[in-house]
Amino acid sequence: MRQPLVAGNWKLNGSLASTKELLAGIKAGLAEVVNAEVAVCPPYIFIPEAQAQLAGSSVAWGGQNLSAETSGAFTGEISASMLRDFGCKYVLVGHSERRTLYGEDSALVAKKFAAAKEAGLIPILCVGEALEERQQGITEDIVAGQLATVIDQSGITALDGAVIAYEPVWAIGTGMTATPEQAQAVHAYIRSQLAQHDNAIAGDMRILYGGSMKPENAVELLAQDDIDGGLIGGAALNAENFLSICKAAN
Ligand code: PGA
């Protein structure tokens, strides 16, 4: 039985004041969410605030990114162990914005995945195709390739306990959501790819959907057999919307 996970990816948004307010709002509405796990990924600098407010609550927190390196002359980077120091449980790895805007290729993403695991963080590995790739009918090849680099680098057992987020790039922040059927098909495909290596890991893997998930479409998406939660961007910046997605996963 896979426990659903709803994770908020706050991206580059908010101030200290709005972060405090959002955290308080989420905490206040959690009583009804008992079966789904909830996590938030604030900008790095607000992680101590998340820790201060969420410690002892049922909400976990995590980073949106991490360095593949452990320490050294890497200006501006944050390591996995630094995230651990501030109580992070999760970290996003290979978000499409990192891949496309910051040139992170699959090899670097695999290295970051390994660094996260090494430090005891749970990586949320993001995969997904661009619009042209879907139009060319190569969605499965793209997703399989993104998974394969991580499996080749770290081995299938490294995926034990990790989380995968399927986020079609064309659906992120665009208001265009994959239909429940489109999303389910890719989620089932991802699980089948994992099953080629290890049935138990495939069966236990939580595969989240991300890309314009909101209260209006969450119920239908989350009802799909292979959709085990959501990675939420825009709708996670509003406590009421975020909580309503958490309740849909519940
Ligand atoms: P969105 O972002 O919900 O705003 O589409 C999702 C994500 O990028 O993780």
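Everything below is about the structure printed above this text.
Note that this is a predicted model, so its numbers are computed, not measured. (Residues numbered from 1 in each chain as written. Predicted model: local features only at pLDDT ≥ 70, side-chain atom pairs only at ≥ 80, totals over all residues. Heavy atoms only, no water.)

Asks: What am I meant to see in the pairing of strand β3 (residues 59-63) here?
Replies: Side chains on a regular strand alternate between the two faces of the sheet. Where burial is concerned, most of β3 is hidden: five out of the five residues are buried. Taking every second residue as pointing to the same face, both faces of β3 are buried, with Val59, Trp61 and Gly63 on one and Ala60 and Gly62 on the other. Relative to β3, strand β2 (residues 37-41) runs parallel, the two being bridged by three bridges. Paired with alanine 39 across the bridge in β3 is alanine 60. Taken together, the two bridges between β3 and strand β4 (residues 90-93) define a ladder with parallel strand orientation. Across the sheet, glycine 63 pairs through a bridge with valine 91, a residue of β4. Taken together, β3, helix α3 (residues 80-85) and β4 constitute a β-α-β crossover, and its handedness is right-handed. (Buried < 20%, exposed > 50% of the residue type's maximum accessible area, 1.4 Å probe, protein only. Helix = DSSP H or I, 4+ residues; strand = E, 2+ residues; numbered from the N terminus. Pairing = 2+ DSSP bridges. Right-handed = clockwise from strand over helix to strand, strands pointing away.)

Asks: For this particular structure, what's the right way to read empty space enclosed by the protein?
Replies: Once rolled over the atoms, a probe with the size of a water molecule shows which space is left empty. Within this structure, the stated rule accounts for one cavity of 30 Å³ or more. For the lining of the largest cavity, the secondary structure elements donating two or more residues are α4 (96-101) and β5 (122-127). Counted by class, the lining of the largest cavity contains four nonpolar, four polar and two charged residues. (1 Å grid on protein atoms, 1.4 Å probe; cavity = no way out; pocket = protein on both sides within 12 Å on 5 of 7 lines; lining within 4 Å. Points joined across faces, edges and corners; volume = space filled by probe spheres on them. Nonpolar A, V, L, I, M, F, W, Y, C, P; charged D, E, K, R; others polar.)

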